[in-house]
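Working through the structure, step by step
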Amino acid sequence: MKILVAYKRVVDYNVRIQVKPDGSGVITEGVKLSPNPFDDIALEEALRLREKGLATEVIVATIAPADAQPHLRNGLAMGANRAIHIVTDSAVQPLTAARALLKLVEREQPGLVLLGKQAIDDDSSQTGQMLATLWGRPQATFASKVDVAGTVATVTREVDAGLETLEVDLPAVITTDLRLNEPRFIKLPDIMKAKAKPLETIALAELGIEAADFLTTTHYAPPPKRSKGVMVKDVAELVALLKQKGLA
C-alpha cells in the first residue's frame, strides 16, 4: 500500500507574524518557513504505518513555489521514499489544492491519503474533506489515533462530547490532530540520504485542473493591541463598566 502525504510549507509557528505596511499581505521575506506542524504529524503517522509493515511506500507532496524543494527534502529526511513538487507561484486555495492532489491520487493510486487537519497559515481545515468528496472515498478527520487492519482503518477522533471511533474502508482520507503522535527528530545522516531520493516536479498548469480560487482577500490587518487593564473598586463598578462598553 502506498501512502500519500500532503506536506505544506508555512511560516514557522515560532515567528511573530507581521503585516505589510500597505495591508496587502504578510511579510515573508527573510522569515523562517517550516513544514505545517499538522502535516509533520501526518508524515510521522505514515512512516509508523510503513514501519509496521502496513505500507510499502510513503510519498510526500506539496503545492508551492520553486524554492520549496528544501522543504520536501525535509520530508524525505524524515523518511519518505520520494517527493512530488507541484510548482506554482500563486497562493492556492483549498479546492484547487484538493483538485491538484486528486490528480496525484489518480496517478499514484494510494491506499491512504494523510493530511494535517489544517494549515496554520490560513486555518481553512477544508482540503482533506474536499479531496475525499472529489475522490468519492471515505474520510475521517481530526484523528488522535489510527489503526489499520487489512482494508479497514479505525480512527479515534476528538469531538465536543469526548472521543468518537470511526471505521472507514480503504482507500480513504484521514486528517491528523495534534495528539496523534510526536514527529521524530531528523538526524544528519538522514539529511544526507535525502539528497539522493527522487523528487519530481510538475507545473500546476500541466495537471489540467480547473482553478477554483473564488475568494479574494482585499486587506490584511494585525489584531488590535491589547488595552491596559482597569482597576475597579467592586462588582457594581465592574458591571457598570461592562454595560458602558456594551458587554453586559
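Residues numbered from 1 in each chain as written. Predicted model: local features only at pLDDT ≥ 70, side-chain atom pairs only at ≥ 80, totals over all residues. Heavy atoms only, no water.

Below, the discussion takes up the overall build of the protein chain. Regarding its fold elements, the protein chain presents six helices and eleven strands. Expressed as lengths along the three principal axes of its C-alpha atoms, the size of the protein chain is roughly 65 × 45 × 40 Å. In the protein chain, which comprises 248 residues, the proportion classed as buried is 40%. A separation threshold of at least 6 residues defines the contact pool for the protein chain, and within that pool the share at least 24 residues apart is 71%. Split by element, the accessible area of the protein chain, about 14,200 Å² in all, is 54% carbon and sulfur. (Helix = DSSP H or I, 4+ residues; strand = E, 2+ residues; numbered from the N terminus. Buried < 20%, exposed > 50% of the residue type's maximum accessible area, 1.4 Å probe, protein only. Contact = heavy atoms within 4.5 Å. Areas by Shrake-Rupley, 256 points an atom, 1.4 Å probe, with all protein chains shown as cover.)

Glancing now at the nonpolar core. Ranked by size, the top nonpolar core spans 34 residues in total, and within it Ile3, Val5, Leu43, Val60, Leu114 and Ile174 carry the most contacts. Broken down by secondary-structure element, the contributors of at least two residues to this core are strand 1 (2-6), helix 1 (37-51), strand 4 (57-64), helix 2 (69-78), strand 6 (112-116), strand 7 (139-149), strand 8 (152-159) and strand 10 (172-176). Sort the elements by how many residues they give to this core and helix 1 lands first, with six residues. Ignoring any residue separated from it by four or fewer positions in sequence, one finds Val5 in contact with Asp39, Ala42, Leu43, Ala46, Val58, Ile59, Val60, Ala61 and Leu114. Ala100, Leu104, Val105 and Trp135 belong to the second largest nonpolar core, which has 21 residues in total. (Core = buried A, V, L, I, M, F, W, Y, C linked by side-chain atoms within 4.5 Å.)

Let us look at helix 3 (residues 94-108). Here helix 3 is 15 residues long and its end C-alpha atoms lie 21 Å apart, about the 21 Å a rise of 1.5 Å per residue gives. Just downstream of helix 3 lies Gln109, where phi reads positive at about 55°. (Expected span 1.5 Å × (residues − 1).)

Most of strand 4 is tucked away: seven of the eight residues are buried. Here strand 1 pairs with strand 4 via five bridges, running parallel. Residue pairing in the sheet places Ala6 in a bridge with Ala61 of strand 4. Since strand 4 and strand 5 (residues 82-87) lie parallel, the crossover through helix 2 that links them has a hand, and here it is right-handed. (Pairing = 2+ DSSP bridges. Right-handed = clockwise from strand over helix to strand, strands pointing away.)

Taken together, the side chains of Val230, Val232, Leu238, Leu242 and Leu247 present a nonpolar region at the surface, about 430 Å² in accessible area. Its location among the elements puts Leu247 in the segment after helix 6 (235-244). (Patch = residues over 30% accessible without salt bridge, like charges linked within 9 Å, V, L, I, M, F, W, Y side chains within 5 Å. Salt bridge = Lys/Arg side-chain N within 4 Å of Asp/Glu carboxyl O.)

Across the interface, helix 1 lies against helix 2 with an axial gap of 10 Å and an inter-helix angle of 35°. Helix-helix and strand crossings are classified by hand; for helix 1 and helix 2 the assignment is right-handed. Across from Asp40, Leu43, Glu44 and Leu47 in helix 1, the residues of helix 2 making contact are Asn74, Gly75 and Met78. Looking at the contact of helix 1 with helix 2, its residues break down into three nonpolar, two polar and two charged. (Axes fitted to C-alpha atoms, helices over the stretch in contact; angles between N-to-C directions. Left-handed = near helix turned anticlockwise from the far one by under 90°. Nonpolar A, V, L, I, M, F, W, Y, C, P; charged D, E, K, R; others polar.)

Before going further, it helps to examine the pattern of salt bridges. Think of it this way: side chains of opposite charge can pair up when their charged atoms draw near. A full pass over the atoms with the stated rule returns 16 salt bridges. One salt bridge connects Glu44 with Arg48, and the closest N-O pair in it is separated by 2.7 Å. Taken together, the positions of Glu44 and Arg48, both in helix 1 and four residues apart, correspond to about one turn of that helix. When its relative accessible area of 31% is taken as the criterion, Arg48 is described as partly exposed. Residues Arg107 and Glu200 are paired through a salt bridge, measuring 2.9 Å at the closest nitrogen-oxygen approach. Of the two residues, Arg107 sits in helix 3 while Glu200 sits in strand 11 (residues 199-203), which places them 93 residues apart along the sequence. Each of Lys2, Glu57, Arg82, Arg107, Glu108 and Glu200 takes part in salt bridges that share partners, so that together they form one network.

Honestly, it's all geometry; don't read function into it.
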